[in-house]
Amino acid sequence: MSETSQLEAWLPRGLLRLRSGSVIPSVTAEGLTPVRLSWSDGRLQEPELINTPADHLNALVLPRLVDPHVHLDKAFTWSAHPNLSGTYEGALEANMNEHRVRDLEEVLSRGDQAMARACQNGLRALRSHIDSLGPGADTSWEALQVLKKQWRDQFELQLVALVPIAHWATTDGKKLAQRVAAVGGLLGGVVVPPCRGASVRRGLRALLLLAEELGCGIDLHIDEANHGPAEGLVQLLRALEQVPCMQPITCSHTSSLALLSAKRLQRLAEQMAAHRLQVVALPLTNGWLLGQSPETTPLRKPLAPIRQLQRAGVRVAVGGDNVADPWFPAGDFDPLALMASCIPLAQLAPWQRLGLSPFTTAAAAVMGLDWDGRIGADAPADLIVLEANTWSEALRRPPERRVLIDGLWWQPGRR
Ligand SMILES: [Zn+2]
């Protein structure tokens, strides 16, 4: 069976890498340029710029995308464990109830469904946090490692141990870190207000020491709150002064930073950049969960201040976070739907370089992937082809799409 090895489509100019380094013309006002892409043996050849009248080209091509923050262990648990109040506390309670009754087959089956959706929707890499303390922890790690192996030809799957931050200062925490390091995982944790206690400080210092000693990256759920502005970040920066850590550190959420004054935010963002902290903003879960009240609609939306952080030199990616679990009832591991939601939630416009990078190059860099996602000679033939000729067409409803993996068109059910 012969596979198509060439296509013509609109490509966002910022994602095109030409060998000649020549200036790339932007043909549309949205910064799209028409290209012919060819590939063989799973690798792209040098892209060709083409002259095609706009009405002849109804395809928009992107690299397969990256979601740097998901929770595969609990995806699709909403129907059995809903959180109808929509509050953080309600989510935690439903999550704990679900965690107590997790079994291997169930996590495997839900996780497999999640990976299939992610693949079909055009993702190539996922970083999943795993609830790593309590009765369902070992089961979840076992299941996710099986899935990682089963889906290794389609995905890079990174796994992060999610525990209360104080756990890293305990003997069991140290043992967990060693087990996580042995399978190439990352160390995570929850740092939400109140963050000023000694146990949080001890936990953060222990985490930094373990990460450095074991060579593990860190990815924290930090400042996921609509109060106590940046309390967690302040503690993390203090801990870093005492325990320097050269491993990559990702701060997921950072929502309460939005409540800082402009001046304090700028100072904090500069400190974060100096420590090479990177951020994953999670607008969907934050938009739904934080500030829930039956009486009022919250008028201040706690969300990572993406542009202010970018301006200070902090790398910022955007993730989908929860999919149909107690923390968020919707979602489908769909990077295009996430981009569409981020237009109103975060005012991220994909025709702007810093509006697109959180889903493409910055997301790849946060995960430390080999390929930054730019389309050029010798890049992986890993593409999403959307039936669209403008960004508006691509984002106004879930677009028809074809996904190319390693030079072959993906078909659902194929593994
Ligand atoms: Zn999360």
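Computed from a predicted structure; not experimentally measured. (Residues numbered from 1 in each chain as written. Predicted model: local features only at pLDDT ≥ 70, side-chain atom pairs only at ≥ 80, totals over all residues. Heavy atoms only, no water.)

> When you look at the sheet that holds strand β8 (residues 156–162) in this model, what are you seeing that I'm missing?
Pairing between the strands of a sheet is mediated by backbone hydrogen bonds and can be parallel or antiparallel. The strand order across the open sheet formed by 8 strands is β6-β7-β8-β9-β10-β11-β12-β13, and the pairing between neighbours is parallel. The outermost strands of the open sheet, each flanked by one partner alone, are β6 (65–70) and β13 (316–318). Taking each pair of neighbouring strands and ignoring which way they run, the sheet shows an average axis angle of 25°. Here β6 runs beside strand β7 (residues 123–131); their pairing, made up of 4 bridges, is parallel. Its bridge partner lying in β7, Val 66 is registered against Ala 125. (Pairing = 2+ DSSP bridges. Helix = DSSP H or I, 4+ residues; strand = E, 2+ residues; numbered from the N terminus. Axes fitted to C-alpha atoms, helices over the stretch in contact; angles between N-to-C directions.)

> What's the story with the pairing of strand β1 (residues 6–12) in this structure? I'm lost.
In terms of residue burial, β1 counts as a mostly covered element, since 5 of its 7 residues are buried. The pairing of β1 with strand β2 (residues 32–40) spans 7 bridges and is classified as antiparallel. Across the sheet, residue Gln 6 finds its bridge partner in β2, namely Ser 38. (Buried < 20%, exposed > 50% of the residue type's maximum accessible area, 1.4 Å probe, protein only.)

> What is the right way to read helix α5 (residues 198–214) from this model?
A turn of α-helix holds 3.6 residues, and therefore any two residues three or four places apart point the same way. In a regular helix each residue adds 1.5 Å, so 17 residues correspond to 24 Å; α5 covers 24 Å between its end C-alpha atoms and thus fits that length. Among the residues of α5, Val 200, Gly 203, Leu 204, Ala 206, Leu 207, Leu 208, Leu 210 and Ala 211 are the ones counted as buried. Contact partners of the buried residues in α5: α4 (171–182), β9 (186–191), β10 (218–222), α6 (231–242) and β11 (249–253). (Expected span 1.5 Å × (residues − 1). Contact = heavy atoms within 4.5 Å.)

> How should the packing of aromatic side chains be read in this particular structure?
What describes a pair of aromatic rings is the distance from one ring centre to the other and the angle between the planes of the rings. By the definition in use, this model includes 5 aromatic pairs. One aromatic cluster is present, built from ring pairs that chain together Trp 151, Phe 155 and Trp 410. Residue placement shows Arg 402 over the ring face of Trp 409; its charged tip is 4.1 Å from the ring centre. (Phe/Tyr/Trp six-rings, centres within 6.5 Å; stacked < 30°, edge-to-face > 60°. Lys NZ or Arg CZ within 6 Å of the ring centre and 35° of its normal.)

> What should I look at first to understand the coordination of the zinc ion in this one?
Coordination of the zinc ion by the protein involves His 69 (NE2), His 71 (NE2), His 221 (NE2) and Asp 321 (OD), with metal-donor separations of 2.1 to 2.4 Å. The site at the zinc ion holds 4 donor atoms, and with the angles between them running 87 to 172°, its shape is irregular. (Donors = N, O, S within 2.8 Å, 3.2 Å for Na, K, Ca; no water. Tetrahedral: all angles 85-135°; square planar, octahedral: opposite > 155°, others 65-115°.)

> Can you walk me through unusual backbone geometry in this structure?
What you tend to see is this: most non-glycine residues have negative phi, and most peptide bonds are trans. Going from Pro 193 to Pro 194, the amide bond is cis rather than trans, its omega being 0°. Relative to the elements of secondary structure, Pro 194 occurs in the loop between β9 and α5. In the Ramachandran plot, Phe 76 falls in the positive-phi region, its phi being about 65° despite a non-glycine side chain. Structurally, Phe 76 can be placed in the loop between β6 and α1 (88–100).

> I'm lost on the nonpolar core in this one. Help?
For soluble globular proteins, the rule of thumb is that nonpolar side chains tend to be buried together. Counting 118 residues, the largest nonpolar core has Trp 168, Leu 233, Leu 236 and Phe 333 as its most contacted members. For this core, the leading source of residues is α5, giving 7 residues. In terms of domain composition, this core takes at least three residues from each of domain 1 (6–63 + 373–409) and domain 2 (65–366). Leaving out residues up to four positions away in the same chain, Trp 168 has contacts with Ala 161, Val 163, Gly 173, Leu 176, Ala 177, Leu 187, Gly 188, Gly 203, Ala 206, Leu 207 and Leu 210. Within the second largest apolar cluster, 10 residues are counted, among which are Ala 125, Val 280, Ala 317 and Ala 363. (Core = buried A, V, L, I, M, F, W, Y, C linked by side-chain atoms within 4.5 Å. Domains from an automatic or database assignment.)

> It is not clear to me how the packing of α5 against α6 should be interpreted in this structure. Could you clarify?
A pair of packed helices is captured by two measures, namely the crossing angle of their axes and the spacing between those axes. At their nearest, the axes of α5 and α6 sit 9 Å apart, and the two run at 50° to each other. For the element pair α5 / α6, the angle class is oblique. In this structure, α5 crosses over α6, and the sense of that crossing is right-handed. Across the interface between the two elements, Arg 201, Leu 204, Arg 205 and Leu 208 from α5 touch Gln 235, Leu 236, Ala 239, Leu 240 and Gln 242 from α6. (Parallel < 35°, antiparallel > 145°, perpendicular 65-115°, else oblique. Left-handed = near helix turned anticlockwise from the far one by under 90°.)

> Explain the pairing of β8 to me, please; I cannot follow it from the model alone.
Note on strand geometry: in a regular strand, side chains alternate between the two faces of the sheet. Burial within β8 is extensive, with 6 of its 7 residues counted as buried. Sheet topology note: the β7/β8 ladder contains 7 bridges and is parallel. Each residue of the ladder has a partner; that of Ser 128, found in β8, is Leu 159. Where the polypeptide runs from β7 across helix α3 (residues 137–150) and back to β8, its parallel neighbour, the crossover connection is right-handed. (Right-handed = clockwise from strand over helix to strand, strands pointing away.)

> Could you clarify how one ought to interpret the environment of Leu 257 in this entry?
Turning to its location among the elements, Leu 257 is positioned in the loop between β11 and α7 (262–274). Separated by 47 residues in sequence, Leu 257 and Ala 304 have C-alpha atoms that sit 6.3 Å apart. If we ignore the near neighbours within four places in the chain, the residues touching Leu 257 are Asp 223, Ala 230, Leu 233, Leu 265, Leu 268, Met 272, Pro 305 and Leu 309.

> Just to check I follow, could you spell out the packing of helix α2 (residues 104–121) against α3 for this structure?
Remark: α2 packs on α3, axes separated minimally by 9 Å, with the N-to-C direction vectors making an angle of 40°. It follows that α2 is oblique to α3 by the angle criterion. Crossing geometry of α2 relative to α3 is assigned as right-handed. In contact with Leu 104, Val 107, Leu 108, Gly 111, Asp 112 and Met 115 of α2, α3 contributes Thr 139, Ser 140, Glu 142, Ala 143, Leu 144, Val 146, Leu 147 and Gln 150. Residue composition of the contact of α2 with α3, grouped by class: 8 nonpolar, 4 polar and 2 charged. (Nonpolar A, V, L, I, M, F, W, Y, C, P; charged D, E, K, R; others polar.)

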